[in-house]
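One letter stands for each residue in the lines below.
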Amino acid sequence: MAAQKAIVFSGRNGLDFSELRTSVLRIPEVTVRIRQAQSVLDTLDLPKVDLFNVISSDDESFGRNIKLKSLAATVVQIGLFDRFCKTQRRPEFMIGNSNGESAMLVCAGLQTFDEMVASAVASDSTPAVSPTNLLPMSGIFAAPLLAGLSLCEFRAVEATQTETGLVYTMLQDSSMEIKKIAESLHQDRGVNRFISIGPVGAMRLADYQTLGTDEVEYMDSIELDPMLGWFWKNVRTSKLSALA
(Lines give C-alpha, C1' and ligand atoms only; values in the text may rest on other atoms or scores of the structure.)
Protein backbone atom coordinates (compact mmCIF):
# COMPACT_ATOMS: atom_id res chain seq x y z
CA MET A 1 0.00 0.00 0.00
CA ALA A 2 1.35 3.42 -0.94
CA ALA A 3 2.31 5.74 1.88
CA GLN A 4 -0.50 8.01 2.97
CA LYS A 5 0.46 11.65 2.88
CA ALA A 6 -0.94 14.83 4.32
CA ILE A 7 -0.37 18.46 3.44
CA VAL A 8 0.08 20.70 6.50
CA PHE A 9 -0.70 24.38 5.96
CA SER A 10 1.27 26.76 8.15
CA GLY A 11 -1.44 29.33 8.86
CA ARG A 12 -0.86 33.03 9.51
CA ASN A 13 2.76 32.76 10.74
CA GLY A 14 4.39 31.36 7.61
CA LEU A 15 5.78 34.68 6.33
CA ASP A 16 7.15 36.40 9.42
CA PHE A 17 10.59 37.24 7.95
CA SER A 18 11.19 39.67 5.09
CA GLU A 19 13.62 37.31 3.34
CA LEU A 20 10.85 34.73 3.05
CA ARG A 21 8.39 37.25 1.67
CA THR A 22 10.89 38.55 -0.88
CA SER A 23 11.61 35.00 -2.05
CA VAL A 24 8.00 33.86 -2.41
CA LEU A 25 7.30 36.85 -4.66
CA ARG A 26 9.67 35.22 -7.19
CA ILE A 27 7.49 32.09 -7.47
CA PRO A 28 5.14 32.43 -10.47
CA GLU A 29 2.20 30.52 -8.97
CA VAL A 30 2.34 32.74 -5.90
CA THR A 31 2.31 35.98 -7.89
CA VAL A 32 -0.66 34.70 -9.92
CA ARG A 33 -2.64 34.18 -6.71
CA ILE A 34 -1.60 37.57 -5.32
CA ARG A 35 -2.87 39.24 -8.50
CA GLN A 36 -6.10 37.27 -8.23
CA ALA A 37 -6.55 38.41 -4.63
CA GLN A 38 -5.77 41.98 -5.62
CA SER A 39 -8.48 41.84 -8.28
CA VAL A 40 -11.00 40.83 -5.63
CA LEU A 41 -9.86 43.57 -3.23
CA ASP A 42 -10.14 46.17 -5.99
CA THR A 43 -13.83 45.36 -6.46
CA LEU A 44 -14.72 45.92 -2.80
CA ASP A 45 -15.89 49.20 -1.33
CA LEU A 46 -12.94 49.47 1.05
CA PRO A 47 -9.82 51.63 1.39
CA LYS A 48 -7.23 50.84 -1.28
CA VAL A 49 -4.61 48.27 -0.33
CA ASP A 50 -1.77 46.90 -2.46
CA LEU A 51 -1.15 43.29 -1.47
CA PHE A 52 2.23 43.19 -3.22
CA ASN A 53 3.35 46.17 -1.11
CA VAL A 54 2.02 44.51 2.04
CA ILE A 55 4.04 41.35 1.40
CA SER A 56 7.21 43.23 0.43
CA SER A 57 7.06 45.58 3.45
CA ASP A 58 9.47 45.40 6.40
CA ASP A 59 8.81 43.01 9.28
CA GLU A 60 7.40 45.65 11.62
CA SER A 61 4.91 46.94 9.06
CA PHE A 62 3.93 43.44 7.96
CA GLY A 63 3.27 42.29 11.52
CA ARG A 64 1.33 45.40 12.50
CA ASN A 65 -1.96 44.29 10.97
CA ILE A 66 -2.95 40.74 11.81
CA LYS A 67 -5.77 40.55 9.24
CA LEU A 68 -3.65 41.61 6.28
CA LYS A 69 -0.83 39.37 7.48
CA SER A 70 -3.23 36.42 7.69
CA LEU A 71 -4.71 37.13 4.25
CA ALA A 72 -1.26 37.47 2.66
CA ALA A 73 -0.03 34.23 4.23
CA THR A 74 -3.13 32.36 3.07
CA VAL A 75 -2.82 33.63 -0.51
CA VAL A 76 0.87 32.64 -0.62
CA GLN A 77 0.12 29.14 0.71
CA ILE A 78 -2.56 28.60 -1.92
CA GLY A 79 -0.03 29.62 -4.59
CA LEU A 80 2.52 27.18 -3.18
CA PHE A 81 -0.11 24.44 -3.20
CA ASP A 82 -0.89 25.21 -6.86
CA ARG A 83 2.78 24.73 -7.66
CA PHE A 84 3.00 21.52 -5.60
CA CYS A 85 0.09 19.99 -7.51
CA LYS A 86 1.83 20.58 -10.85
CA THR A 87 4.49 17.97 -10.05
CA GLN A 88 2.96 15.86 -7.27
CA ARG A 89 -0.31 13.97 -6.94
CA ARG A 90 -2.89 15.60 -4.73
CA PRO A 91 -2.68 14.46 -1.08
CA GLU A 92 -5.02 12.02 0.62
CA PHE A 93 -5.31 14.40 3.57
CA MET A 94 -4.80 18.07 4.39
CA ILE A 95 -4.42 19.74 7.77
CA GLY A 96 -5.01 23.41 8.47
CA ASN A 97 -7.08 25.96 10.29
CA SER A 98 -10.79 25.66 9.62
CA ASN A 99 -11.76 29.15 10.75
CA GLY A 100 -10.66 32.58 9.57
CA GLU A 101 -8.61 32.70 6.38
CA SER A 102 -8.01 29.05 5.50
CA ALA A 103 -5.79 27.84 2.67
CA MET A 104 -6.95 24.29 3.42
CA LEU A 105 -10.62 25.06 2.75
CA VAL A 106 -9.81 26.74 -0.58
CA CYS A 107 -7.41 24.01 -1.73
CA ALA A 108 -9.93 21.33 -0.73
CA GLY A 109 -12.64 23.02 -2.78
CA LEU A 110 -14.78 23.75 0.28
CA GLN A 111 -14.56 27.51 -0.24
CA THR A 112 -13.76 29.56 -3.32
CA PHE A 113 -10.67 31.74 -3.44
CA ASP A 114 -12.73 34.88 -4.07
CA GLU A 115 -15.02 34.09 -1.12
CA MET A 116 -12.01 33.68 1.16
CA VAL A 117 -10.51 37.04 0.16
CA ALA A 118 -13.81 38.91 0.45
CA SER A 119 -14.70 37.39 3.81
CA ALA A 120 -11.22 38.14 5.15
CA VAL A 121 -11.74 41.87 4.76
CA ALA A 122 -15.48 41.99 5.37
CA SER A 123 -15.25 40.20 8.73
CA ASP A 124 -13.37 43.09 10.28
CA SER A 125 -14.99 46.00 8.44
CA THR A 126 -16.70 47.32 11.57
CA PRO A 127 -14.43 46.59 14.56
CA ALA A 128 -15.94 46.69 18.02
CA VAL A 129 -14.72 49.26 20.53
CA SER A 130 -13.30 47.93 23.76
CA PRO A 131 -10.90 49.24 26.44
CA THR A 132 -7.98 47.79 24.48
CA ASN A 133 -9.26 48.90 21.08
CA LEU A 134 -9.86 52.67 21.20
CA LEU A 135 -7.85 53.95 18.25
CA PRO A 136 -9.69 55.15 15.13
CA MET A 137 -9.63 52.43 12.50
CA SER A 138 -10.74 51.81 8.95
CA GLY A 139 -11.44 48.10 8.75
CA ILE A 140 -8.44 45.82 8.42
CA PHE A 141 -6.33 48.51 6.81
CA ALA A 142 -5.53 50.43 9.99
CA ALA A 143 -6.10 47.78 12.63
CA PRO A 144 -3.61 47.29 15.47
CA LEU A 145 -1.69 44.06 15.78
CA LEU A 146 -4.32 42.00 17.61
CA ALA A 147 -7.49 43.43 16.09
CA GLY A 148 -9.67 40.65 14.70
CA LEU A 149 -7.37 37.95 16.05
CA SER A 150 -9.10 34.66 16.80
CA LEU A 151 -7.68 31.40 18.05
CA CYS A 152 -7.14 28.89 15.26
CA GLU A 153 -9.20 25.74 15.22
CA PHE A 154 -7.40 22.99 13.32
CA ARG A 155 -9.06 20.20 11.39
CA ALA A 156 -8.27 17.81 8.56
CA VAL A 157 -9.93 16.93 5.28
CA GLU A 158 -9.86 13.53 3.56
CA ALA A 159 -9.98 12.82 -0.17
CA THR A 160 -12.38 10.38 -1.80
CA GLN A 161 -11.91 9.30 -5.40
CA THR A 162 -15.00 9.88 -7.56
CA GLU A 163 -15.70 9.66 -11.29
CA THR A 164 -14.90 13.35 -11.63
CA GLY A 165 -11.78 13.34 -9.46
CA LEU A 166 -10.87 13.74 -5.80
CA VAL A 167 -13.50 15.19 -3.48
CA TYR A 168 -12.48 16.35 -0.01
CA THR A 169 -14.67 16.14 3.08
CA MET A 170 -14.02 17.50 6.57
CA LEU A 171 -13.14 15.05 9.30
CA GLN A 172 -14.89 15.40 12.63
CA ASP A 173 -11.93 15.84 14.99
CA SER A 174 -10.86 19.39 15.79
CA SER A 175 -8.26 20.87 18.11
CA MET A 176 -6.58 24.13 19.03
CA GLU A 177 -3.28 22.21 18.64
CA ILE A 178 -2.30 21.25 15.11
CA LYS A 179 -0.03 18.49 16.42
CA LYS A 180 -3.04 16.63 17.79
CA ILE A 181 -4.65 16.54 14.36
CA ALA A 182 -1.41 15.24 12.81
CA GLU A 183 -1.10 12.64 15.57
CA SER A 184 -4.66 11.46 14.95
CA LEU A 185 -4.06 11.05 11.21
CA HIS A 186 -0.84 9.14 11.86
CA GLN A 187 -2.32 6.76 14.42
CA ASP A 188 -5.84 6.30 13.03
CA ARG A 189 -5.40 6.78 9.28
CA GLY A 190 -1.87 5.54 8.70
CA VAL A 191 -0.49 8.87 7.47
CA ASN A 192 3.29 8.71 7.66
CA ARG A 193 4.35 11.44 5.25
CA PHE A 194 3.71 15.09 6.06
CA ILE A 195 4.47 17.87 3.60
CA SER A 196 4.49 21.45 4.84
CA ILE A 197 3.09 24.34 2.82
CA GLY A 198 4.69 27.39 4.39
CA PRO A 199 7.28 28.53 3.67
CA VAL A 200 7.73 28.11 7.47
CA GLY A 201 6.03 25.00 8.82
CA ALA A 202 3.28 25.04 11.44
CA MET A 203 5.07 22.18 13.21
CA ARG A 204 8.74 21.67 13.95
CA LEU A 205 10.69 18.56 12.99
CA ALA A 206 10.75 17.51 16.64
CA ASP A 207 6.94 17.57 16.70
CA TYR A 208 6.76 15.04 13.89
CA GLN A 209 9.40 12.87 15.50
CA THR A 210 7.20 12.44 18.58
CA LEU A 211 4.02 11.36 16.79
CA GLY A 212 4.49 7.77 17.90
CA THR A 213 6.78 5.85 15.54
CA ASP A 214 10.02 6.23 13.61
CA GLU A 215 8.19 5.88 10.30
CA VAL A 216 7.13 9.52 9.98
CA GLU A 217 8.66 11.45 7.09
CA TYR A 218 8.59 15.25 6.99
CA MET A 219 9.58 17.73 4.28
CA ASP A 220 8.41 21.02 2.88
CA SER A 221 6.97 21.60 -0.57
CA ILE A 222 9.74 24.01 -1.54
CA GLU A 223 12.44 21.42 -0.83
CA LEU A 224 10.55 18.93 -3.00
CA ASP A 225 10.71 21.29 -5.98
CA PRO A 226 14.02 21.01 -7.90
CA MET A 227 13.38 24.40 -9.53
CA LEU A 228 13.26 26.16 -6.16
CA GLY A 229 16.72 25.14 -4.95
CA TRP A 230 17.61 28.82 -4.65
CA PHE A 231 14.85 29.60 -2.17
CA TRP A 232 16.35 28.74 1.21
CA LYS A 233 19.78 30.00 0.13
CA ASN A 234 18.28 33.48 0.10
CA VAL A 235 17.33 33.28 3.78
CA ARG A 236 20.11 34.33 6.13
CA THR A 237 21.66 31.67 8.36
CA SER A 238 20.54 33.56 11.44
CA LYS A 239 16.94 33.40 10.31
CA LEU A 240 17.21 29.70 9.48
CA SER A 241 18.41 28.95 13.01
CA ALA A 242 15.42 30.85 14.40
CA LEU A 243 13.08 28.70 12.27
CA ALA A 244 14.67 25.37 13.14
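This structure is a prediction, so every number in the text was calculated from the model and none was measured.

(A) Region of interest: the packing of aromatic side chains. Per the stated rule, a full pass over the model turns up six aromatic pairs. Residues Phe 194 and Tyr 208 carry aromatic rings whose centres are separated by 5.3 Å and whose planes lie at 40 degrees to one another, so their mutual orientation is tilted. Taken together, the residues Phe 194 in strand β5 (residues 191-197) and Tyr 208 in helix α9 (residues 205-209) connect sequence positions 14 residues apart. The pair Phe 194 / Tyr 208 is uniform in exposure class, with both members buried. Residues Phe 231 and Trp 232 carry aromatic rings whose centres are separated by 5.2 Å and whose planes lie at 75 degrees to one another, so their mutual orientation is edge-to-face. We note that Phe 231, like Trp 232, is buried. Ring-pair connections join several aromatic residues into one group, and the members of that group are Phe 9, Phe 81 and Phe 84. We note Arg 21 situated over the ring of Phe 62; from NZ or CZ to the ring centre the distance is 4.3 Å. Looking at Arg 33, its charged tip hangs above the ring of Phe 113, at a distance of 4.9 Å from the centre.

(B) How the structure looks around the nonpolar core. Counting 51 residues, the largest nonpolar core has Phe 9 and Met 94 as the members making the most contacts within it. With ten residues, helix α5 (residues 66-87) is the single largest residue contributor to this core. Other than its neighbours up to four places away in sequence, Met 94 contacts Ile 7, Phe 9, Phe 81, Met 104, Cys 107, Ala 108, Arg 155, Ala 156, Val 157 and Tyr 168. Core analysis: the next-biggest nonpolar cluster, separate from the first, contains 18 residues, Ile 178, Ile 181, Met 203 and Val 216 among them.

(C) Just the packing of helix α2 (residues 28-43) against α5, in detail. Running from N to C, α2 and α5 point in directions that differ by 135 degrees, and their axes come no closer than 8 Å. Our classification of the angle between α2 and α5 gives oblique. Note that α2 runs across α5; the crossing there is right-handed. Taken together, the residues of α5 that come into contact with α2 (itself represented by Pro 28, Glu 29, Val 30, Arg 33, Ile 34, Ala 37 and Leu 41) are Leu 71, Val 75, Val 76, Ile 78, Gly 79, Leu 80, Asp 82, Arg 83 and Lys 86. A class-by-class count of the residues in the contact of α2 with α5 yields ten nonpolar, one polar and five charged.

(D) Summary view of the side chain of Gln 38. You can see Gln 38 is positioned in helix α2. A distance of 2.8 Å separates a polar side-chain atom of Gln 38 from the backbone oxygen of Val 49. Ignoring anything within four residues of it in the chain, the contact list for Gln 38 reads Lys 48, Val 49, Asp 50, Leu 51 and Phe 52.

(E) Structural detail: the packing of α2 against helix α7 (residues 113-122). Their axes nearest at 9 Å, the elements α2 and α7 cross at an angle of 55 degrees. In terms of orientation, α2 lies oblique with respect to α7. Judged by the twist between their axes, the crossing of α2 over α7 is right-handed. Two secondary-structure elements touch here, α2 through Arg 33, Gln 36, Ala 37, Val 40 and Leu 41 and α7 through Phe 113, Asp 114, Val 117, Ala 118 and Val 121. Across the contact of α2 with α7, the residue classes tally to seven nonpolar, one polar and two charged.

(F) Representation of the pattern of salt bridges in the model. Scanning all chains against the criterion turns up 13 salt bridges. A salt bridge links Arg 89 to Glu 92, with the shortest nitrogen-to-oxygen separation between them at 2.4 Å. For Glu 92, a relative accessible area of 14% corresponds to the buried category. In this structure, a network of salt bridges that share partners links the residues Glu 29, Arg 83, Lys 86 and Asp 225.

Calculation criteria
Residues numbered from 1 in each chain as written. Predicted model: local features only at pLDDT ≥ 70, side-chain atom pairs only at ≥ 80, totals over all residues. Heavy atoms only, no water. Phe/Tyr/Trp six-rings, centres within 6.5 Å; stacked < 30°, edge-to-face > 60°. Helix = DSSP H or I, 4+ residues; strand = E, 2+ residues; numbered from the N terminus. Buried < 20%, exposed > 50% of the residue type's maximum accessible area, 1.4 Å probe, protein only. Lys NZ or Arg CZ within 6 Å of the ring centre and 35° of its normal. Core = buried A, V, L, I, M, F, W, Y, C linked by side-chain atoms within 4.5 Å. Contact = heavy atoms within 4.5 Å. Axes fitted to C-alpha atoms, helices over the stretch in contact; angles between N-to-C directions. Parallel < 35°, antiparallel > 145°, perpendicular 65-115°, else oblique. Left-handed = near helix turned anticlockwise from the far one by under 90°. Nonpolar A, V, L, I, M, F, W, Y, C, P; charged D, E, K, R; others polar. Polar contact = N/O pair within 3.5 Å; in protein donor to acceptor, adjacent residues only side chain to side chain. Salt bridge = Lys/Arg side-chain N within 4 Å of Asp/Glu carboxyl O.

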